[in-house]
Amino acid sequence: MRTLVSSGSPYETRVGISRAVRVGHFIAVSGTAPLEAGRTVGVGDVAAQARRCLEIIADALERSGASLRQVIRTRTLLVRIEDWETAAAIHG
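Our subject in this report is the structure included herewith. (Residues numbered from 1 in each chain as written. Predicted model: local features only at pLDDT ≥ 70, side-chain atom pairs only at ≥ 80, totals over all residues. Heavy atoms only, no water.)

## Focus on the overall build of the protein
Regarding its fold elements, the protein presents three helices and five strands. Taken over C-alpha atoms, the radius of gyration comes to 14 Å for the protein, in line with the 12 Å a tight globule of 92 residues would show. C-alpha extents for the protein along the principal axes are approximately 40 × 30 × 15 Å. Within the protein, buried positions represent 24% of all 92 residues. For the protein, contacts bridging at least 24 residues in sequence account for 31% of all contacts bridging at least 6. Carbon and sulfur atoms make up 55% of the accessible area of the protein, which totals about 7000 Å². Positive and negative side-chain charges in the protein, numbering 12 and 9 respectively, have mean positions lying 8 Å apart. (Helix = DSSP H or I, 4+ residues; strand = E, 2+ residues; numbered from the N terminus. Rg over C-alpha atoms; globule rule 2.2 N^0.38 Å. Buried < 20%, exposed > 50% of the residue type's maximum accessible area, 1.4 Å probe, protein only. Contact = heavy atoms within 4.5 Å. Areas by Shrake-Rupley, 256 points an atom, 1.4 Å probe, with all protein chains shown as cover. Lys, Arg positive; Asp, Glu negative; His and termini not counted. Charge placed at Lys NZ, Arg CZ, Asp CG, Glu CD.)

## Observations concerning the sheet that holds strand E3 (residues 26-29)
Read across the sheet, three strands follow the order E1-E2-E3 without closing on themselves; strand pairing throughout is antiparallel. The open sheet is flanked by strand E1 (2-5) and E3, the only strands paired with a single partner. Mean inter-strand twist for the sheet, computed between neighbouring axes without regard to direction, equals 15°. When strand E2 (residues 20-23) meets E3, the two strands line up antiparallel, connected through four bridges. Across the sheet, the residue bridging to Val23 is Phe26, located in E3. Contacting E1, E2 and E3, helix H2 (residues 46-63) crosses the sheet at an angle of about 150° to E3. (Pairing = 2+ DSSP bridges. Axes fitted to C-alpha atoms, helices over the stretch in contact; angles between N-to-C directions.)

## Structural notes on the environment of Val23
Mapped onto the fold, Val23 is located in strand E2. Through-space distance from the C-alpha of Val23 to that of Thr3 is 6.5 Å; in sequence the pair is 20 residues apart. Residues contacting Val23, with those up to four places away along its chain left out, are Met1 and Arg2.

## Comments concerning the pattern of salt bridges
Applying the stated rule across the entire model yields five salt bridges. Taking the shortest distance from any N to any O, the salt bridge between Arg52 and Glu36 comes out at 3.8 Å. A residue pair is termed long-range when its members are at least 10 positions apart, and Arg52 in helix H2 and Glu36 in strand E4 (residues 35-36) qualify at 16 residues. Among the salt bridges present, the one from Glu55 reaches Arg52, with a minimum N-O distance of 3.2 Å. Placement of the pair is Glu55 and Arg52 together in helix H2, with a separation of three residues, close to one helical turn. Residue classification places Glu55 among the partly exposed residues on the basis of a relative accessible area of 45%. (Salt bridge = Lys/Arg side-chain N within 4 Å of Asp/Glu carboxyl O.)

Structure, rendered in structure tokens:
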């Protein structure tokens, strides 16, 4: 059985994605940007952006019946590789 989790983003219907999709015991979360009410959170602040992305992901997982503790793989994309340590500290 396939369960779709929506975040309410207008991009979901526009480009045909869901925030998360659960199939059996597996949940895939789509790419996540640090948005709130349609605006970028923490412009120029990588830590704030990383935190916001993880909040969005955690919410999608919880609505799918899971939590961040159950995640087995992540991928982080950065505009500036120099920010990796800040993003990694939040991720950790």
